[in-house]
Amino acid sequence: MNLAKRGTVYGTLLNFRGELDALGPKVNEEPYKAPPQAPVLYIKPANTWTENGGAIALPAHVTEVEIGATVAMVMKSAREIAGFVLMNDVSIPHESLFRPPVKFNCLDGFLGIGDRIRARNEAGDPAVFKLEVRVNGELKQTVRFSQLVRSADRLLADVSEFMTFGEGDMLMLGCDVGRPRVRAGDRVDIKMPALGTLSNTFVAEAA
């Protein structure tokens, strides 16, 4: 599949057990009163997309951002997965629990997208995916997808109950807690042997 043919990119919140654990009692407070019973999604529109090797600009009012290392399912059809690809779901640190504000998640360039798609028989079982996140060459985070609340197959099935995917749509599996923060001048490498390395540098926005 050609990565240039992209549809909608969806992010998934609260799909790692660590995310729910970190919320503690907040998840049972108003207005939610309980952990989510369905997938919590948001969209990363086309203005956010940055290619592997590209630079991501931090606006003048932003001193640091959070790195969201994850893997996305790339859809071949409504229920068939073409493969998996690395993603760097960048955001400005914020306190929103269930509905991430557009102004923090959807800034220009705020989604690094890998250039290697691997089918499931090549990438392996998503339940054993493990990503290494390095900042300026130093290991800052290891993301283990054995800690998902919903497995890749379950997430796809649950989302497909209320919406239809098209070819080229991408659904991220989620981002774990402990997300590294970076500033202008930093380089981030997200690596998984089967999916290669997604690299992006962070720069100050041009005046």
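Above this text you will find the structure in question.
The notes below deal with the structure included here. (Residues numbered from 1 in each chain as written. Predicted model: local features only at pLDDT ≥ 70, side-chain atom pairs only at ≥ 80, totals over all residues. Heavy atoms only, no water.)

Remarks on the overall build of the chain
- Per the secondary structure count, the chain includes four helices and 14 strands.
- Here the C-alpha atoms of the chain give a radius of gyration of 16 Å, agreeing with the 17 Å that 2.2 N^0.38 yields for 207 residues.
- Each of the 207 residues in the chain was classed as buried or not, and the buried ones make up 47%.
- Looking at the chain alone, contacts between residues at least 24 apart form 74% of all its contacts between residues at least 6 apart.
- Accessible area of the chain: about 9800 Å², with a carbon and sulfur share of 49%.
- Of the side chains in the chain, 24 bear a positive and 25 a negative charge, and the two mean positions are spaced by 2 Å. (Helix = DSSP H or I, 4+ residues; strand = E, 2+ residues; numbered from the N terminus. Rg over C-alpha atoms; globule rule 2.2 N^0.38 Å. Buried < 20%, exposed > 50% of the residue type's maximum accessible area, 1.4 Å probe, protein only. Contact = heavy atoms within 4.5 Å. Areas by Shrake-Rupley, 256 points an atom, 1.4 Å probe, with all protein chains shown as cover. Lys, Arg positive; Asp, Glu negative; His and termini not counted. Charge placed at Lys NZ, Arg CZ, Asp CG, Glu CD.)

Section: the packing of aromatic side chains
- This model, assessed by the stated rule, comprises four aromatic pairs.
- Pairing Y10 with F165 gives two aromatic rings, centres 5.9 Å apart and planes at 85 degrees, and the pair type is edge-to-face. Taken as a pair, Y10 in strand β1 (residues 9-13) and F165 in the loop between α4 (152-160) and β11 (170-172) lie far apart in primary sequence, 155 residues in all.
- By relative accessible area, which is 12% here, Y10 ends up buried.
- Measuring from ring centre to ring centre gives 6.3 Å for F129 and F145, while their planes differ by 80 degrees; the resulting arrangement is edge-to-face. Taken together, the residues span a long stretch of sequence, with F129 in the loop between α3 (120-123) and β9 (130-135) and F145 in the loop between β10 (138-144) and α4 at a distance of 16 residues.
- By relative accessible area, which is 3% here, F129 ends up buried.
- Taking relative accessible area as the criterion, F145 reaches 2% and is therefore assigned buried.
- These aromatic residues form a ring-pair network of at least three members: F16, F84, F129 and F145. (Phe/Tyr/Trp six-rings, centres within 6.5 Å; stacked < 30°, edge-to-face > 60°.)

Some details on the pairing of strand β7 (residues 81-89)
- A large share of β7 lies buried, amounting to seven of its nine residues.
- As paired strands, strand β6 (residues 69-75) and β7 are joined by seven bridges and run antiparallel to one another. Within β7, the position partnered with V71 by the bridge is L86.
- Relative to strand β8 (residues 111-113), β7 runs antiparallel, the two being bridged by three bridges. Within β8, the residue paired with M87 across the bridge is I113. (Pairing = 2+ DSSP bridges.)

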